[in-house]
Structures are given as C-alpha cells and as structure tokens.
Amino acid sequence: MLSHARVGTEDEGLDLSRMRRERRVRLRSEMEQRGVGALVLLGTSAVQYAVGASHVLADGSHAVSERVIAVMVAGDELPHLYTPYPDGCPTELVGSHCHPPLHPGSPEGAVALFTAVAEVAGGRVEGALAVDEMTAPMYVCVSRILGDVPVVDAGEPLAAAKTVKTADEIECIRRAQRINEVAMYDVEAMLRPGVRQSELTGVFLRRIFELGATGNWIDPIFQPMALSIAAGPYTTNGDVAFPLCSTDRILSEGDVVWVDSGVDYFGYASDFGTTWLVNDRPEPTARQRSQFERWKAVVEATLSVTRPGATGADLTKAAIEANDGAVPWLEHFYLIHGIGTSSAETPLIGSHLGPEFDAGITLAPGMVLVLEPVIWEDGYGGYRFEEIVAVTEHGYLPLGNYPYSPFE
Amino acid sequence: MTHAHLQDPGPSLGTGPLEEGGRADFGRMRAERLARCLAEVRDEGLDALVLGDESNARYVSGARRLWLAGTRSFAPSCVLVAASGSIHLMSTWEDGVPQEIPRQNLFGAPWDPGRFVAALEGIPGLKEARRIGIDGMSPRMAALVGSVVPSAELIDATPLLVRARRVKTTDELACIETAVAVAEACLTHALDRLRPGITERGLFGIFMERLGSFGLTIPSVEASFCVTPRHATSAGPTLRRIGTDRNVNKGDLVACDAGVHYAGYEGGLARTWLCQGAVTRPATPAQQSLHRRWSTLRDALLAACRPGRPAGDVVAAYQQTGEPLPSLPVLYGLGLGMEPPFVGAGIPSDAGAITTIEAGMVLAIQGYVHEEGTGGYLGRDVVAVTGDGFRLLTRHSYGSLAEERK
C-alpha cells in the first residue's frame, strides 16, 4: 500500500550528512588518482553532488545568473561553496567554507572566481584544474590568473565518483521515485479526452510539492504519439520523435500518450515513464496489448542478466534477443541510463557510442539503472515504460512500483 | 506613484491568439531578434556564433526546446553563420523549430564526439570561420570545437549578445507583460490558499497548478514561498530564499518570490503576505511599518530607473533610504529569463552597474527589509523603461500589510 503522507526528510533510512561525507571521499579519491589540484564546478548537478546544499531549482537563465559554485582543492576535506542561497549551506561548511556568490559571466567576475580558487588552494593550484563548465570570460582569463595550469574536463572524475551510489543516495532516488509515482496516480485519474497537457502538468506539480519533493527537473512530457514515424514530426535520424515539449494541447479520444517526468528529492532525480491511453474507457486493443507484452519480455530478459559483473553488452544482447533481433530502443537515446544528481548520467548502455563501449561497462552493486526500451510498430504506434532498479550484491532491486495501467 | 506609470496595456494581456492580431507577432519577433544579433555579430567582425546558453540560443533561433531545470551542460546547441545568416540547431526533430530553419540545419545530441564533430563540420561556412564568438562550454566541448576550427580565434560573445538582447521589441514587451499578468494571477491563487498549516512548498505547488490552467508550465524559479525569520541569528541570515516543507503559521510574514515564462519570456514579482486564519485581521503596526519601509524603498529604486542613468545608481538610491543592501541583486534585466544588467552588493560592475538605462529595457527592482522581532519583507516590481521614465508592469496588490489600521 502506498502512503499518501508526505515523504519524510530524515529518519533511520536516510542520513544526509553521511551521504555528503561519503560523496566527498569518492570525489577526492578521483581527484587524487588524476592529479587534480582543484575541482571547480558550475553545473547544477555537479555542485549538488560535491556539496549537497539545499537548492532552488530554476530556469537556466537564473541558474547561470545566480550561480551556486563549488571549489574543491587537494588537501582540504571540505569543498568551498559560493552561493546566493546561504540558507541552504550544509552545516559542515557554515563559516569557513561558505562564501558570497561569484558571477563568472562577466570578465571581472571570472577573474574573481579564479582569484578565489587560487586563494583557497593556498596561492596556486598544484596539478590540474578540472572544470565542468566555463563561461567565455573564464576561458579568456584562466591562464592570466592561475598561470599555465593544465585545464581538464571535470566530467570524467565526476562520472567515476557518481556511477556507484551509496545507500543514502539510493534512498533519495527511491523517495524521489515514490513521490513521482504517487503524484502520477492523480494525473492518471484526470486523464480523459479534452484535458490539456498543461493541466496535467499543473496537477502533477501541485502533488509533488505536497508530497515533499524538493524540486522538479523536467517539464513533464505527455505526448500523443503519431501512429507512424512519417505521420509525426521529421527527425534527423528517421526514428520516432520523442520527447516533444508539452503545451496547452488538448488530448483527444484514442490518443496513445507517452509520459516522461523527473522530480527532485534532496538533489536526486526520479525518472518516471509510461504509456497511457486517452479514452472514455481506456482499454488497450489486442495489438497494443501485444506491444506491451513484448516490452515486458524485453525488460524481463534484460533484468535476468542484470547483476554485478555483467557488462553493458550482456544487457543490450539480452534486450535485442528478446525482441527477435531488432533493437528495442530509440536511436537518439539508449537502452539504459544511470540516474543520480542528474536525471540521465553514466552508465549509458546502448547509446550510439556502440557495442564496444557497452562491453567496457561492468555493472557493480550500487549502480542505479533506468531501463527504457521502446517497442515500436510503425503504423500502429508503440509502448514505452521506464523501469528503475538498483544493482545489488546478487542481482537488482526495483525502486519503482507503478502499475502498467491500463495494460494490466 | 502617479497614474502615468500605469498605462492600460489594452488587449495584449492574454495567452490566446486574437484573430485580428494585436498580441505578440512571433514571426516578426524572431526576425527582429535575428537582425539585431546579426548586426552585432557583423559589427564585431565575427564569422560565426557557437552558443551553449539556452536563452542565447533561443534568442537567435526562436526554438522551443525541452525545459530542464538548472544549468545546461554547455554543449554548443546553436550555431549562427554570419555570412549566410543561417541558423543550425541541436534538435533531433523539427517540432518546436521555427519554419525558417530548414530540416537540413538540424543535428542530434552529442553523446558521440565523432558524430558531433561531423555535425559541426557539415555546417556550411563554419570551418572557414576565422573569428568565432562563444558564450561558454565545457573544456571537452571546447576541444571538439577547436578540432573543427583549429585556426579560428574564439572570442567572448557575451557582451554583444547582451547588447542585442538589452532593448526589447514591441513583441518581446508584450510577452513579458503577459508573463507578469499570469504570474500575478498564479500568486493570487496561491495567496487565497495561504492558511496556517500549509507548507511553503505546498504554496508553490498551488501556484504551479494555476499556471497550468493558462496553458503554461514553466516557472522562472521554484519553491519561493518562505516564512521570513522574526529574529536575526549570529549564524543565519535573516533572508531565506529556499522554500521547505515547514508549515506556515498564523502571523508569519511570507516572502513570495514568483515568476513564470510565456513564450520563453519571464514575468514575475515578489510580495510579502501575512498568514491569517479564515478571518482577515489588520496587520500589526510593526508589520505595517515594515511595508512602509519597502514602499519608501521601492519609490526610491523606481525613481532611479530613468533612461540615461547608469543602472548602478539604484545602489546609491537604496542606501540613501538607510536600508542595508541585501544579498540579492537589487536590479536586474528581464527578457528570455533573468538577464543583465545585474546590480547589487558583491556583483561586479561590468555585470550591470555601468550599463546605461535605455528606453525599451525591462527591469526588475527588488529589496528586502527586516525588523528584529517582526520579520522580513521582500518586494519586487517590474518596469518597462520609456523615453522619459518608466511604465510599471506589476500591478498586484500589497494586501493587508498596506492597509492602515482604522
């Protein structure tokens, strides 16, 4: 039985301060292995991972104009936080490691950022400077302020630290998913011919915030699918156009709607995807039901090989075999993506990086995977649902629990 | 405040089309924006722009792409070639892409560096570009772009984009006015439900539900309803900006910071509201006095929003009222979201204070005042700068705090 009460903040199952500490240990270890003397993070998800400050999710224009920035330097256990939201500063950083915001979008501001980096690094950066995003003024002034320090992309050390989750991280994702699902019961209940996409979004957002979500990552998708690729919008790769932005579009009798959404719980994203039918009495046709059955077979086959030691290629092989040799996912996405402080992060399995890349990915306990196979019969539409699981010592643990309604 | 600042916006405040025209003309808006951009690009002697910032990309292309919260990962997602004026966009489909951008100018997302490089190499005129303007990207992306145009000089295009975007066209202004009106409607809806026991985030959810009834779904900032602390502490600031799941109680002053997008354009405001039970009681004299302080402050800030004056003058205007500068921008621009000029304590002067205010700019002015034992008061209003002053776009009431006790 799902609880409709608010999902709590902290209890025995979740220790946010332990979570922050364990993430810092991982990140520092990745910095050391790569000879990174200073890690400078400007991206919302990356800063969230390194610091764990309470945050305000906002449109990108606000996120870059009132930036939250993290700087980690070798030899210091704690990151420095530069924030316009001091009320979100974690207790361990209050005082020495919490600073007023920086504004690297302008030349003076970019100089101030690198000056601050040099200062907390004790005068100069020893080793490489790893950065996730740089504004144009930062490129202009970096060597002037920090000397000839090598600038490397922070993507690699971040991905290496983030891919395997701690128990607290998994609990955050589980709670995000729970909130997302509970909110979707109300949305599904109001799905009927004549409702607007934006109205579904409105109810969804009201519910997630009632239920204790700390934010919303993506404008929810409620896309009526054209029955054939040719009948839908043109795509560069000839595949199904999905996901398309929601508007005030009115949903009509007979629409097959693919849903996608993701909420935030203390920095962690959920990923909810399903297929709904807009009908006075939603009842799948025999063909729609067979698409669903095939989707389920693909997921079951993929999960049957999901365990530590399996490679990404083992999973794609199982999925393709269960689909009679055809690739059961969208060409512009993947069969599987990871999830954490980003709604899609490593490992990406089945992307167009190719089979060799997939063979290089080995599953480990603590990875959280979102399986998003798609069954498409051109001319007859298709079925898509997202299954979210954590890899455990011996197999996997589902983190979601939403029914495949109205298909079973 | 005189009535001259409150001109009737006419029939422009609505989200649906009018068959005779009269609301925003999006085709004209895109054409005028692109023309401004190309003029700046050519003045700077640039051969191309390679843009990662979503609002810059939207300004240039007019594309409506999937909204994601937070910073984007700074992959170039829009390329403008100066000689041809052609726009190339990262989009796997044509949905949301304006008709003037042909299909062959679309390219997919760069999971695969090889494909991404091939997409950039396929853009006519980019490989030959000598001076390329950028707004920022990850070091990895910078290396990929560098491999396509190894001998090109990469130049900070931020200033020229700020110049192009600063003064709004008629259609942009109509979008901002509509967004302001919708934000005010959503705020009214949430404030009607401000009762003891509701949570701060719950109020934001109610705000967003009303937004959906306008056919819109995008907020500017989330979870922005915060009980203001009555007491300053040595450890904590008196200004809270992050809504939580705490309950709002009777007598709390709630700072409401609200904003929405219409066609990408932002409108918003901040008001501070008294949480009451079912019966509305007058605010206390101390609470009313807080409102008077904001009111004085607001008039001083508005008086500084005059064409020809540096935007940084609002700082002196703020300080002359005797109020301490808050840790917020006290002035910023509105357009495709929050944009320069940014003015306030700790903000570098080249981010906005040295900008001269011009007719056609849309500016938000805001302030925060606090009284020990009473609480805080956050206010924000939006003006469109005119030839000889400004027009106030925010019309929402100040509620019971503004009413004098009978």
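Predicted, not measured: the structure shown is a model, and the values here were computed from it.

Observations concerning the overall build of chain A
Looking only at helices and strands, chain A features 11 helices and 20 strands. A globule of 408 residues ought to have a C-alpha radius of gyration of about 22 Å, and chain A, at 22 Å, matches this closely. With respect to the three principal axes, the spread of C-alpha positions in chain A is 70 × 45 × 45 Å. Nonlocal contacts in chain A, meaning residues at least 24 apart in sequence, comprise 68% of its contacts between residues at least 6 apart. If you sum the accessible surface of chain A, you get close to 14,300 Å²; carbon and sulfur atoms cover 52% of it. Seen as two clouds, the 30 positive and the 55 negative side-chain charges of chain A have centres 3 Å apart.

A few points about the sheet that holds strand S11 (residues 263–265) of chain A
Residues and elements named next belong to chain A. On the basis of which strands lie adjacent, the open sheet formed by three strands has the order S8-S11-S12 and antiparallel pairing. In the strand order of this sheet, the two ends are held by strand S8 (215–216) and strand S12 (268–269), each with one partner. Pairing geometry for S8 and S11, over two bridges, is antiparallel. Residue Asn216 lies in a different strand from S11, and its bridge partner there is Val263. Across the face of the sheet, helix H7 (residues 167–189) comes into contact with S11 and S12 while running at roughly 140° to S11.

Digging into the interface of chain A and chain B
Taken residue by residue, the interface counts 78 residues in chain A and 73 residues in chain B. Buried area between chain A and chain B, both sides added, is near 6,300 Å², and the carbon and sulfur share of it is 61%. Looking only at chain A, the three residues that lose the most surface to chain B are Phe209, Tyr234 and His352 of chain A, adding up to 11% of its buried area. Counting every contact that joins chain A to chain B gives three salt bridges. The partner of Glu209 of chain B in a salt bridge is Arg206 of chain A, and the shortest N-O contact between them spans 2.6 Å. Along the contact surface separating chain A from chain B lie 32 residue pairs in polar contact (both at pLDDT 80 or more). At the level of secondary structure, the elements contributing two or more residues to the side of chain A that touches chain B comprise helix H3 (60–65), helix H4 (107–120), strand S6 (134–135), helix H5 (136–146), strand S7 (151–153), helix H8 (197–210) and S8 of chain A.

Thoughts on the sheet that holds S7 of chain A
Residues and elements named next belong to chain A. The six strands lie next to each other as S4-S3-S2-S1-S5-S7, forming an open sheet whose pairing is mixed. Pairing within the sheet leaves two strands with one partner each, and these edge strands are strand S4 (98–99) and S7. Two elements, strand S2 (residues 69–73) and strand S3 (residues 80–82), share three bridges in a ladder whose sense is antiparallel. Looking across to S3, one finds that Ile69 is bridged to Tyr82.

Some remarks on the environment of Val259 of chain A
All names here are of chain A. Along the chain, the position of Val259 falls in strand S10 (residues 256–261). Remark: the alpha-carbon pair of Val259 and Asp280, spanning 21 residues in sequence, is separated by 19 Å. When near neighbours in sequence (up to four residues on either side) are disregarded, Val259 contacts Met184, Ile221, Phe222, Phe272, Gly273, Thr274, Trp276 and Arg384.

A short note on the layout of surface pockets
By volume, the second largest pocket amounts to about 1,000 Å³. Around the second largest pocket sit 40 residues that line it, and Arg58, Arg64, Tyr262, Ala263 and Gly264 of chain B are the ones nearest its centre. When residues of the lining of the second largest pocket are traced back to their parent elements, those giving at least two are H3 of chain A together with helix H1 (26–43), helix H2 (54–61) and strand S9 (253–262) of chain B. Of the residues contributing to the lining of the second largest pocket, the split by class is 14 nonpolar, 15 polar and 11 charged.

A word on the side chain of Ser61 of chain A
Checked against the element boundaries, Ser61 of chain A lands in helix H3. Only 2.7 Å separates the side chain of Ser61 of chain A from the side chain of Asp59 of chain A, close enough to count as a polar contact. A polar side-chain atom of Ser61 of chain A sits 3.0 Å from the main-chain amide nitrogen of Met338 of chain B. Ignoring sequence-local partners within four residues, the contact set of Ser61 of chain A consists of Glu266, Leu336, Gly337 and Met338 of chain B.

Concerning the packing of aromatic side chains
Following the criterion strictly, the structure yields 20 aromatic pairs over all chains and no others. With a centroid separation of 4.9 Å and 80° between ring planes, the pair formed by Tyr265 of chain A and Phe266 of chain A is classed as edge-to-face. We classify Tyr265 of chain A as buried; its relative accessible area is 1%. The structure contains a cluster of three or more aromatic residues connected by ring pairs, namely Phe292, Trp295, Tyr383, Phe385, Tyr404 and Phe407 of chain A. In this arrangement the basic side chain of Arg287 of chain A is found over the ring face of Tyr380 of chain A, its NZ or CZ atom lying 3.5 Å from the centre. Of note, Arg271 of chain B hangs over the ring of Tyr398 of chain B, and the distance from its end group to the ring centre comes to 3.9 Å.

Some points on the domain arrangement of chain B
Residues and elements named next belong to chain B. Taken domain by domain, chain B holds domain 1 (26–164) and domain 2 (167–402). The centre of domain 1, based on its C-alpha atoms, is set 33 Å off from the matching centre of domain 2. Taken together, the contact between domain 1 and domain 2 spans 12 residues of the former and 14 residues of the latter. Around 1,200 Å² of area is buried between domain 1 and domain 2 when both sides are counted, 62% of it from carbon and sulfur atoms.

Points about empty space enclosed by the protein
All names here are of chain A. According to the stated counting rule, one finds six cavities of 30 Å³ or more in the structure shown. Considering only enclosed or pocket space, the largest cavity measures out at about 210 Å³ in volume. Broken down by secondary-structure element, the contributors of at least two residues to the lining of the largest cavity are helix H2 (44–51) and H3. When residues of the lining of the largest cavity are assigned to their parent elements, the largest contribution, four residues, is made by H2. Considering only residue class, the lining of the largest cavity consists of 10 nonpolar, eight polar and two charged.

What about the pairing of strand S16 (residues 368–371) of chain A?
Residue and element names in this part refer to chain A. Neither face of S16 is left uncovered, since the one carrying Val368 and Val370 and the one carrying Leu369 and Leu371 both have all their residues buried. By the bridge criterion, three bridges tie strand S14 (residues 336–338) to S16 in an arrangement that is antiparallel. Bridging across to S16, Ile336 finds its partner in Leu371. Pairing of S16 with strand S19 (residues 387–391) involves four bridges; the strand directions are antiparallel. Pairing of Leu371 across the sheet is with Glu387, part of S19.

Quick word on the domain arrangement of chain A
All names here are of chain A. Domain boundaries in chain A define domain 1 (16–161) and domain 2 (167–398). Counting residues at the interface gives 13 residues for domain 1, matched by 13 residues for domain 2. Between domain 1 and domain 2 lies a buried interface of about 1,100 Å² when both sides are counted; carbon and sulfur atoms form 58% of it. Looking only at domain 1, the three residues that lose the most surface to domain 2 are Met19, Ser45 and Leu57, adding up to 41% of its buried area. One can count one salt bridge joining domain 1 with domain 2.

Criteria and thresholds
Starting from 1, residues in each chain are numbered consecutively following that chain's sequence as written. Ligands are numbered from 1 and chains lettered from A, in the order in which they are written. Per-residue local features are limited, in this predicted model, to residues with pLDDT of at least 70; the limit for side-chain atom pairs, both in listing and counting, is 80 or more; totals at the level of whole chains, interfaces and linings are taken over all residues. Working from all heavy atoms in the structure, the side-chain values ignore hydrogens and water. Only DSSP runs of H or I reaching four residues or more are called helices, and only runs of E reaching two or more are called strands; each is numbered from the N terminus. Our radius of gyration looks at C-alpha atoms and nothing else; its globule reference is 2.2 Å times the residue count to the power 0.38. Contacts between residues were defined by any pair of non-hydrogen atoms, one from each residue, lying within 4.5 Å. Note that accessible areas follow from Shrake-Rupley with a 1.4 Å probe, and for residues the cover is restricted to the protein chains shown. Neither His nor the chain termini are counted; the positive set is Lys and Arg, and the negative set is Asp and Glu. By convention, the charge on Lys lies at NZ, on Arg at CZ, on Asp at CG and on Glu at CD. Should DSSP find at least two bridges between two strands, the strands are regarded as paired. In this analysis, axes come from line fits to C-alpha atoms, helices being fitted only over the stretch in contact, and the angle between any two N-to-C directions falls in the range 0 to 180 degrees. Accessible-area loss on putting two parts together, using a 1.4 Å probe and summing over both, is the definition of buried area adopted here. Think of a salt bridge as a Lys or Arg side-chain nitrogen and an Asp or Glu carboxyl oxygen that are within 4 Å of each other. In protein, a polar contact requires one atom able to donate a hydrogen and another able to accept it; more generally it is a pair of N or O atoms within 3.5 Å, and residues adjacent in sequence count only if both atoms are side-chain atoms. Grid points spaced at 1 Å over the protein atoms alone were grouped into cavities, where a 1.4 Å probe fits but cannot get out, and pockets, open sets with protein on both sides within 12 Å along at least five of seven lines, with lining residues defined by an atom within 4 Å of a point. Grid points are joined across faces, edges and corners, and a volume is the space filled by probe spheres set on the points. As a working rule, the residues Ala, Val, Leu, Ile, Met, Phe, Trp, Tyr, Cys and Pro are called nonpolar, Asp, Glu, Lys and Arg charged, and the rest polar, with Gly in that last group. A pair of aromatic rings is counted whenever rings of Phe, Tyr or Trp (Trp by its six-membered ring) have centres within 6.5 Å, and the orientation is called stacked for planes under 30 degrees apart, edge-to-face for over 60 and tilted otherwise. A simple rule labels every residue: compare its accessible area, found with a 1.4 Å probe on the protein chains alone, to the largest value its type can have, and call it buried under 20%, exposed over 50%, or partly exposed in between. The criterion is that NZ of a Lys, or CZ of an Arg, lies within 6 Å of the ring centre and within 35 degrees of the ring normal, and then a charge sits over that ring. Domain extents, as shown, originate in an automatic or database domain assignment.

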